Amino acid sequence: MSTLFSPVTLSTPDGDGLALRNRAVVAPMCQYSVDAEDGVPTDWHLSHLGALAAGGFGLVIAEATAVVPEGRISPRDTGLWNDEQTRAWKRITDLIRANGSVPGLQLAHAGAKASTEPMLPGLREASVPESEGGWQTVSSSVSDVFGLAPARELTGEDIEQLVADWAAAARRADEAGFDVVQIHAAHGYLLHQFLSPLANTRTDEYGGSYENRTRLVKRIVEAVRAEWPAHKPLAIRFSGTDWTEDGWTLAETVRLAGELRALGVTAFDISSAGIGRYAGPKSGPGYQTALAAAVRAGLEGTDSFVTAVGMITTGVQAEHVLVTGQADGVAIARAALENPHWAAVAARELGVPAEENPRATPLWRGHW
Ligand SMILES: Cc1cc2nc3c(=O)[nH]c(=O)nc-3n(C[C@H](O)[C@H](O)[C@H](O)COP(=O)(O)O)c2cc1C
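Scoring rules and cut-offs
- Residues numbered from 1 in each chain as written.
- Predicted model: local features only at pLDDT ≥ 70, side-chain atom pairs only at ≥ 80, totals over all residues.
- Heavy atoms only, no water.
- Phe/Tyr/Trp six-rings, centres within 6.5 Å; stacked < 30°, edge-to-face > 60°.
- Helix = DSSP H or I, 4+ residues; strand = E, 2+ residues; numbered from the N terminus.
- Buried < 20%, exposed > 50% of the residue type's maximum accessible area, 1.4 Å probe, protein only.
- Core = buried A, V, L, I, M, F, W, Y, C linked by side-chain atoms within 4.5 Å.
- Contact = heavy atoms within 4.5 Å.
- Pairing = 2+ DSSP bridges.
- Axes fitted to C-alpha atoms, helices over the stretch in contact; angles between N-to-C directions.

> Where do I start with the packing of aromatic side chains in this structure?
For any pair of aromatic rings, geometry is given as the distance between the ring centres together with the angle between the planes. Summed over all chains, the structure comprises 4 aromatic pairs. On the numbers, 6.0 Å between centres and 15° between planes, the contact of Phe57 with Trp342 is stacked. On the criterion of sequence distance, the pair formed by Phe57 in the loop between α1 (43-54) and β4 (59-66) and Trp342 in helix α11 (residues 342-349) is long-range, its members being 285 residues apart. Here the two residues Phe57 and Trp342 agree in accessibility, since each one is buried. Taking 6.4 Å as the distance between ring centres and 85° as the angle between the ring planes, the aromatic pair formed by Phe194 and Tyr206 counts as edge-to-face. With Phe194 in helix α4 (residues 190-195) and Tyr206 in the loop between α4 and α5 (210-213), this pair connects stretches of sequence that are 12 residues apart. This pair shows no difference in class: Phe194 is buried, exactly as Tyr206 is.

As C-alpha cells, this is what we get:
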C-alpha cells in the first residue's frame, strides 16, 4: 500500500475537509504565457494544467497569480483582479476537475521582484523599464538586495489597500472555481520581503521585531480566510529559511506556521531562499525536505498538511519522504513539466494496481 497514493483530507474551518485522491501535488509554476499582457490565462494554461490533472496528481496548483497588476513578476504573468480573468480561470478549473484532480491557485505579489523580463529563451532576469511596459515596483523597504530597479516603500495606506486586494482576489478565486488558495510568502516576493530582515528595514509596526515583520502576512491570512469559504482549505508557501542567521530563519518559520494554523491555514509548503545570493546547500535530491520535516514536527497534532518540495523526482523518492515522516505530501515542479503524467508513472512504480492508477479514464486502455 503506497502512502503517496493514499487519499488525504485537508482540514477546513467547517469541519468537513477537502479530500485529495493522493498526496502528489503540482507545485505552482509560472508559464509567462499571457501574450496579451492582461493577466488573462490562455489556452496554454488550459492545456498545461488540464494535462497535469489527467496525469493523476491529487492537487494541481496553478502558477503565481498576481492580486494586482503591479504584483506580476513579468508582464506575461497571470492575474486575478478582474472579471475577465475570473471567467478565464473558471474554464481551467472546470477542466482540472473534469480530469479528476482538485484545482488550486497560488495568489501572489512579487513586490520588488515584479516588472522583470519573463523567463523565456533569450531573456534575462532584469527589470523591464517603465518606457517598455514595466512599472514602478513596491516593497517593504528600499533595498538593493535584489539587483533590480529600486522599489518604492509601501506606506501604511498602501498596506491597507493591499490587504483588501488580497481578500478581493481570494473572493474571485472562489468564483473561478478554485478549491485551494495558496498564499505565496516564499522566494523573495513581497510577503517574504516583509518577513526577512535581509529586505525589511522598516522602523514602523511592519519592521524590526518578529511580531512586526510577520504582521502583514497575518493580516493577509485573516483577510483572505474571512473571504474564502469555510469549506475550502487555505494554504501558504514559505521559504523555510534564507540560509543565513541574519535573514528569515527556520525557527521563525516553525513559529509562524503554528500561529497561522491558529488563524485557519491548514496546508503548508516549505521551500527556501529567494532574497540575495543563494547561500544554501548545494541543491540535490530532496535538499529541502528537512525544512518541511521541522515545520511538520512543530505542527504535530494540529491536523495540518505539510508538503516538501525541491528535486523530488521519482515515486520511490517521494514515498520515502512520506514514510519517514518528513512530510504529509510532496510538491513536484520540474519533473511534472518533463512528464505531466508523473503521478501515473509514480503509481505504477510503487505497485499501485492498474484499476487504482489515478490517471484519467480515457488513458486506461494503455495500462497493459
Ligand atoms: C518553470 C518554473 C516556474 C516556477 N514558478 C513558480 C511559481 O509561480 N511560484 C512558486 O512558488 N514557485 C515557482 N517555481 C518553483 C517551483 O514551484 C519549485 O519550488 C521548484 O522548481 C523546486 O521544485 P522541483 O525541484 O520539483 O522543480 C517555479 C519553478 C519552475 C521550474
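Next comes the rest of the account.
> Would you explain the nonpolar core in this entry?
Looking at soluble globular proteins, one finds that nonpolar side chains tend to be buried together. Counting residues in hydrophobic clusters, the biggest one holds 78 residues, and the most contacted among them are Phe57, Ile236, Phe238 and Trp342. When neighbours within four sequence positions are excluded, Phe238 is seen to be in contact with Ala185, Ala186, Leu195, Thr253, Leu256, Ala257, Leu260, Phe268, Asp269, Ile270, Ser271 and Ser272. Counting residues in hydrophobic clusters, the runner-up holds 12 residues, among them Val8, Val25, Val180 and Ala267.

> Just to check I follow, could you spell out the sheet that holds strand β10 (residues 265-271) for this structure?
Strand pairing in a sheet relies on backbone hydrogen bonds. The paired strands run either parallel or antiparallel. Spatial ordering of the closed barrel is given by β3-β4-β5-β8-β9-β10-β11-β12, a layout of 8 strands whose pairing is parallel. Neighbour-to-neighbour, the strand axes of the sheet open up by a mean angle of 25°, direction not taken into account. Here β4 runs beside strand β5 (residues 102-108); their pairing, made up of 7 bridges, is parallel. Paired with Thr65 across the strands is Leu107, a residue of β5. Seen against the sheet, helix α2 (residues 83-98) touches β4 and β5 and runs at an angle of roughly 140° to β5. Strands β9 (234-239) and β10 of the sheet are contacted by helix α7 (residues 250-262), whose axis makes an angle of about 170° with β9.

These figures come from the coordinates and say nothing about function on their own.
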